[in-house]
Amino acid sequence: QVHLVETGGGLVQAGGSLRLSCAASGLIFSSYHMGWFRQAPGKEREFVATISTSAGNTYYADSVLGRFTISRDNTKNTVSLQMNSVKPEDTAIYFCAVQTNYIATLSRDVMNYDHWGQGTQVTVSS
């Protein structure tokens, strides 16, 4: 069974940096596009970033473009999210997810992701 575990969340001051990691198991990791999503209290889950199987392509939400960087290490079955210049509005639970295998292109649609981690809380203080 596919299992995803996010780590690295915590409390950080506005303008600071945080690095989230997601360890995957139960799948051929290098065969799947991976994504990061977040969900703030009272809001719907929203797309943050996605990365292709061999890390050749990435796509970011406008709200994080230039501040966040998604990466992956297929030798370690991990996908990471480097968060720089964080803002209070970045406060949310962050989830990593596996994109549906039969969709070849990168997707920002939550409905196109099959497996999810439990999430890790990121809180940005001002």
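As a reminder, the structure under discussion sits directly above these lines.
All of these numbers come straight from a predicted model, not from anything done at the bench.

J.: Explain the overall build of the protein chain here, please?
T.: Counting its secondary structure elements, the protein chain contains zero helices and eleven strands. Here the C-alpha atoms of the protein chain give a radius of gyration of 13 Å, agreeing with the 14 Å that 2.2 N^0.38 yields for 126 residues. Principal-axis analysis of the C-alpha atoms gives the protein chain an extent of 40 × 25 × 25 Å. A sequence separation of at least 24 residues applies to 59% of the contacts in the protein chain between residues at least 6 apart. Total accessible area computed for the protein chain in this model is approximately 6400 Å², and 49% of it derives from carbon and sulfur atoms. On the protein chain, the mean spot of the 9 positive side-chain charges and the mean spot of the 9 negative ones are 5 Å from each other.

J.: Would you mind showing me how to read the pattern of salt bridges here?
T.: Any two side chains of opposite charge can pair, given that their charged atoms come close. Counting across every chain of the model gives three salt bridges. Of the charged contacts, one joins Arg-38 and Asp-90 as a salt bridge, the two residues approaching to 2.9 Å between their closest N and O atoms. With Arg-38 in strand S4 (residues 34-39) and Asp-90 in the loop between strand S8 (78-83) and strand S9 (92-99), this pair connects stretches of sequence that are 52 residues apart. Residues Arg-38 and Asp-90 agree in their burial class; the two are buried. As a salt-bridge pair, Asp-90 and Arg-67 come within 2.8 Å of each other at their nearest N and O atoms. With Asp-90 in the loop between S8 and S9 and Arg-67 in the loop between strand S6 (58-60) and strand S7 (68-73), this pair connects stretches of sequence that are 23 residues apart. This pair shows no difference in class: Asp-90 is buried, exactly as Arg-67 is.

J.: Looking at this structure, how should I read the environment of Met-83?
T.: Within the secondary structure layout, Met-83 lies in strand S8. Counting along the chain gives 44 residues from Met-83 to Gln-39, while the straight-line C-alpha distance between them is 16 Å. Sequence-distant contacts of Met-83, defined by excluding residues within four places in its chain, comprise Gly-16, Ser-17, Leu-18, Leu-20, Arg-67, Phe-68, Tyr-94 and Val-122.

J.: Can you walk me through the sheet that holds strand S1 (residues 3-7) in this structure?
T.: Whenever strands of a sheet pair, they do so through backbone hydrogen bonds, lying parallel or antiparallel. Pairing is antiparallel across the open sheet formed by four strands, whose spatial order is S1-S3-S8-S7. Taken across any chain shown, the strands that pair with only one partner, and hence form the sheet edges, are S1 and S7. Taking each pair of neighbouring strands and ignoring which way they run, the sheet shows an average axis angle of 15°. Bridging between S7 and S8 involves six bridges; their strand directions are antiparallel. Each bridged residue has a counterpart across the sheet, and for Phe-68 the counterpart in S8 is Met-83.

J.: Please clarify how the side chain of Ser-107 should be interpreted in this entry.
T.: Mapping Ser-107 onto the fold places it in the loop between S9 and strand S10 (113-116). Residue class for Ser-107 comes out buried when judged on its relative accessible area of 9%.

J.: I tried to follow the pairing of S8 on my own but got confused; where do I start?
T.: For a regular strand, the rule is simple: side chains alternate between the two faces of the sheet. By the criterion of burial, S8 is predominantly enclosed, with five of the six residues buried. Two strands pair when backbone bridges link them, and strand S3 (residues 18-25) and S8 are joined in this way by six bridges, in the antiparallel orientation. The residue bridging Arg-19 from the neighbouring strand is Gln-82, located in S8. Taken together, S7 and the strand that follows it, S8, pair antiparallel across an intervening segment of four residues, in which Asn-77 is found at a positive phi of about 55°.

About the criteria used
Residues numbered from 1 in each chain as written. Predicted model: local features only at pLDDT ≥ 70, side-chain atom pairs only at ≥ 80, totals over all residues. Heavy atoms only, no water. Helix = DSSP H or I, 4+ residues; strand = E, 2+ residues; numbered from the N terminus. Rg over C-alpha atoms; globule rule 2.2 N^0.38 Å. Contact = heavy atoms within 4.5 Å. Areas by Shrake-Rupley, 256 points an atom, 1.4 Å probe, with all protein chains shown as cover. Lys, Arg positive; Asp, Glu negative; His and termini not counted. Charge placed at Lys NZ, Arg CZ, Asp CG, Glu CD. Salt bridge = Lys/Arg side-chain N within 4 Å of Asp/Glu carboxyl O. Buried < 20%, exposed > 50% of the residue type's maximum accessible area, 1.4 Å probe, protein only. Pairing = 2+ DSSP bridges. Axes fitted to C-alpha atoms, helices over the stretch in contact; angles between N-to-C directions.

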